[in-house]
Amino acid sequence: MAQVRELRRANTGNRNTNQNVEDTQSVEETKERPPIDQYKIITSRNDTITADTSLTIQKAYKYNYLRKDDFELLPFHNIGQTYNSLGYSFDKVHLRPQFGAQARRFYYIEAEDINHFYVPTPYTDLYFKTTFEQGQNLDASFTSNFTKRFNFYIAYKGLRSLGKYVHSGTSNGHFRVGVAYSTKNDRYCLKTHFTSQDFTIEENGGLTPTARQQFVSGDPEFENRPSLDVQFEDAENKFVGRRFLVDHFYKLRKGNDSTQNGQIKLKHQLFFKDKTFRYEQSRASDLFGQALETQNLFTEVEFQDVTNTLGVSYQINPLGIFEFNVSHTDYNYGYSSVFIGDNSVVPNRLQGDIIAAGGSYKGQIGAFKLQGDVQYNFSGDFDGNYIKSQADYQFSKDLKATARLNINSHAPNYNKLLNQSDYQNYNWFNDFDNVKTQYLQAEINSEKFGKLDASITQIQDYAYFGFIDNPITNAAADSLVRPFQSDTEVRYLKLKFEKTFKYGKFSLANTVMYQNVLDGEDVFRVPDLVTRQTLFYTDRWFKKALFLQTGFNFKYFTGYNANAYDPILAEFVVQDFEELDDFYTVDFFFNIKVRQARIYLKYENLTTLFETNTSFSAPNYPYRDAVIRFGLVWNFFL
């Protein structure tokens, strides 16, 4: 069943005993507007939450380009480039290989990120934030219910940022449009959306060895970052992704009106994905080994995936909802021509059909809420299967426990199996085994005691990108990138704790993450400790018309061999030649809320005002300098 989280309206006649969170509704809002708890957001999992205009520290954490908490990510110097990973989660499962260019996955809006709405009046969400040099970041969405049963949604997020370093600009766009509809008798329901996303990234290969020394030295002459030399100034990669999803069902039998007992649904989902990734460069660079062309290098790979899923669900009270489904996938990944090398031939295409079948369950037995999903590929060139399960138990109003177990086997990503390039070393065709993952997670959540998240992951035949020695001696590049499959099992332990302490108008929000790679640390790298502490003050000013939130944010992680970034693949590569030192940043923020507008001001990485910035996001890619950025999030209820 969908979980509804309702936010109460503020009562101007009562004193607010907790000033750390601003009430959702302002004291001066018009009485004619429908209550805010009538504005519903329906997630892809059919969970329902109400629109929320509050200003909390969690909202401040999500005020970024991703609009998600980026605690486990280390951003590159310019917005929209990419992020290095400080932690990993293996809660997602797959039946088939995924498209490559995984450095772009952080800000790619997936199907599960698309929401639908139920709103009594048109509702708009407007996000704006400044960038680095000659640019802006805007995310605007509009939704309206033309009738109670027909909702329309349209949104666009755009980014342009020149960046502080030579040839490091970004230009990204995310367009979304969707419709939700149901008939008057509720027998037929439809959800559909279309997205078009494109990311254009100027690539420079990072700092040259000389420029790196100049950056680390802190010489004032090079505080003007464009004066630092980069490896090249003529490369660019572009990712384009389009998706069309139709998800609908018809109730063959409505079942009991109050409990839906005996309800039978016939379900169908059409999922179409089209992705393109290209890399182009005016002149070949010795950084990537021998090139087949010396000028006008251009490589493009295309991917189409069309999946039709047909299912039938049956609700039996008090057991729950049982579903059986079968799906057909037509996939096509490849290049325009075959590559013929001196010692090998690399085909240009992976193409075929996959038929899968499975089932799911969702219900409640006693105090336990249970759900599970099983899928298996029984026809096609790629073997794959998974078991996904979850159990929830509510001990009390303040204490909830959740356990998850995922077992998954799927082929490595397409670009680890097949890749072509104008650089000789980047051409390969591999017959890798399936990656087998077992993921066990337990979560305990309490408003009083905090939230503890513990997980352990085991991976067999882990696939990754790494370096090999360049067979050509005295070459400019002493190592080259290749895909590998580990013969060592990876075992990864992750513990994460979150708790906020409050004293009067002051609060201290804490997030601490401990990680340990028990086996396979040669191919899987994370820092042992990542921590974030936010000390902040909240108050109401001007007869409570303005809500204030201000303080300092401290983030630290221990040194580790962070993955290197490869611009040709837009992938991260396991490396042994450089360790990022212990890393910390301090930000000052000043946020206010007036009616439905939240205004944010942040001085990022202000410690570099007093000491030299010697930090890197990845080898040869410097971390951000101190900068003041501001913006707002504004909701309109028309």
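These numbers were taken from a predicted model, which means no experiment stands behind them.

A. The overall build of the protein, seen in detail. Of the regular secondary structure elements, the protein holds three helices and 38 strands. Computed over the C-alpha atoms, the radius of gyration of the protein is 26 Å, within 12% of the 26 Å expected from 2.2 N^0.38 for a compact globule of 638 residues. Each principal axis of the C-alpha distribution contributes one length, and for the protein these read about 75 × 60 × 45 Å. Put simply, the protein has 638 residues, and 50% of those count as buried. In the protein, 65% of the contacts between residues at least 6 apart in sequence involve partners at least 24 apart. With an accessible surface of roughly 30200 Å², the protein has 53% of that area assigned to carbon and sulfur atoms.

B. Here's a closer look at a positive patch on the surface. A contiguous patch of positive charge, built from Arg45, Lys362, Lys369 and Lys388, is present on the exposed surface. Relative to the elements of secondary structure, Lys369 occurs in strand S19 (residues 368-379).

C. The arrangement of unusual backbone geometry in detail. Cis geometry is found at the peptide bond from Asn317 to Pro318, where omega equals 5 degrees. Within the fold, Pro318 resides in the loop between strand S14 (295-316) and strand S15 (320-334). If you check the backbone angles, Glu133 has positive phi at about 65 degrees while not being a glycine. The topology assignment puts Glu133 in the loop between strand S7 (123-130) and strand S8 (136-147). Located in the positive-phi region is Lys544, a residue other than glycine, with phi close to 65 degrees. Since its relative accessible area comes to 36%, Lys544 is described here as partly exposed.

D. Region of the structure containing the packing of aromatic side chains. Applying the stated criterion across every chain yields a total of 55 aromatic pairs. Ring centres of Tyr426 and Trp428 lie 6.2 Å apart, and the angle between their planes is 35 degrees; on these two criteria the pair is classed as tilted. We classify Tyr426 as buried; its relative accessible area is 2%. Note on Trp428 and Phe465: the rings are 6.2 Å apart at their centroids and 50 degrees apart in plane angle, and the pair reads as tilted. Taken together, the positions of Trp428 in strand S23 (residues 428-429) and Phe465 in strand S26 (residues 463-469) put the pair 37 residues apart, joining distant regions of the chain. You can call Trp428 buried: its relative accessible area is 2%. The class of Phe465 is buried, set by a relative accessible area of 2%. In this structure, Lys273 packs its charged tip against the face of Phe271, placed 5.4 Å from the ring centre. The cationic tip of Arg629 hangs over the ring face of Phe132; the distance from NZ or CZ to the ring centre is 5.2 Å.

E. Layout of the layout of surface pockets. Of the volumes computed, that of the second largest pocket is approximately 650 Å³. Taken together, 28 residues line the second largest pocket, and the ones lying closest to its centre are Leu287, Phe467, Ser479, Phe577 and Asn620. Of all the secondary-structure elements, those providing two or more residues to the lining of the second largest pocket are helix H2 (209-217), strand S27 (479-485) and strand S32 (564-566). For the lining of the second largest pocket, the residue count by class is 17 nonpolar, six polar and five charged.

F. Seen up close, the nonpolar core. Ranked by size, the top nonpolar core spans 39 residues in total, and within it Tyr107 and Tyr333 carry the most contacts. Breaking this core down by element, the ones donating at least two residues are strand S11 (188-203), S14, S15, strand S18 (349-365) and helix H3 (414-417). If we skip the residues at most four places from it in the chain, Tyr333 touches Phe99, Val301, Glu302, Phe303, Asn348, Arg349, Leu350, Tyr414, Asn415 and Leu418. By size, the runner-up hydrophobic cluster in this structure holds 19 residues, among which are Phe71, Ala211, Val230 and Phe616.

G. Spatial organisation of the environment of Asp139. Inspection of the secondary structure puts Asp139 in strand S8. Each C-alpha atom, one on Asp139 and one on Asp125, is 8.0 Å from the other, the two residues being 14 residues apart in sequence. Setting aside residues up to four positions removed in sequence, Asp139 forms contacts with Arg67, Asp125, Leu126, Tyr127, Tyr156, Lys157 and Arg176. A distance of 3.4 Å separates a polar atom in the side chain of Asp139 from a polar atom in the side chain of Arg176.

H. Region of interest: a nonpolar patch on the surface. Residues Tyr250, Leu252, Leu266, Leu310, Val312, Phe324, Val326, Tyr376 and Phe378 make up a contiguous nonpolar surface patch of about 850 Å² in total accessible area. For the nonpolar patch, the elements supplying multiple residues, two or more each, are strand S12 (235-253), S14, S15 and S19. Assignment of secondary structure puts Phe378 in strand S19. We classify Phe378 as partly exposed; its relative accessible area is 49%.

I. View of empty space enclosed by the protein. Under the counting rule described, the total for this entry stands at seven cavities of 30 Å³ or more. Mapped onto the lining of the largest cavity, the elements with two or more residues apiece are helix H1 (57-61), strand S4 (73-75), strand S31 (546-557), strand S34 (583-594) and strand S35 (597-604). At five residues, the largest contribution of residues to the lining of the largest cavity is made by S34. Tallied by class, the residues present in the lining of the largest cavity amount to 18 nonpolar, five polar and 11 charged. Put simply, the second largest cavity is a space of about 190 Å³. Lining of the second largest cavity is provided by 20 residues; of these, Phe277, Tyr335, Asn419, Gln420 and Ile568 occupy positions nearest its centre. Contributions of two or more residues to the lining of the second largest cavity are made by strand S13 (264-283) and S14. Looking at the lining of the second largest cavity element by element, the count peaks at four residues for S14. Its residues assigned to classes, the lining of the second largest cavity shows 12 nonpolar, six polar and two charged.

Cut-offs used in this document
Residues numbered from 1 in each chain as written. Predicted model: local features only at pLDDT ≥ 70, side-chain atom pairs only at ≥ 80, totals over all residues. Heavy atoms only, no water. Helix = DSSP H or I, 4+ residues; strand = E, 2+ residues; numbered from the N terminus. Rg over C-alpha atoms; globule rule 2.2 N^0.38 Å. Buried < 20%, exposed > 50% of the residue type's maximum accessible area, 1.4 Å probe, protein only. Contact = heavy atoms within 4.5 Å. Areas by Shrake-Rupley, 256 points an atom, 1.4 Å probe, with all protein chains shown as cover. Patch = residues over 30% accessible without salt bridge, like charges linked within 9 Å, V, L, I, M, F, W, Y side chains within 5 Å. Salt bridge = Lys/Arg side-chain N within 4 Å of Asp/Glu carboxyl O. Lys, Arg positive; Asp, Glu negative; His and termini not counted. Charge placed at Lys NZ, Arg CZ, Asp CG, Glu CD. Phe/Tyr/Trp six-rings, centres within 6.5 Å; stacked < 30°, edge-to-face > 60°. Lys NZ or Arg CZ within 6 Å of the ring centre and 35° of its normal. 1 Å grid on protein atoms, 1.4 Å probe; cavity = no way out; pocket = protein on both sides within 12 Å on 5 of 7 lines; lining within 4 Å. Points joined across faces, edges and corners; volume = space filled by probe spheres on them. Nonpolar A, V, L, I, M, F, W, Y, C, P; charged D, E, K, R; others polar. Core = buried A, V, L, I, M, F, W, Y, C linked by side-chain atoms within 4.5 Å. Polar contact = N/O pair within 3.5 Å; in protein donor to acceptor, adjacent residues only side chain to side chain.

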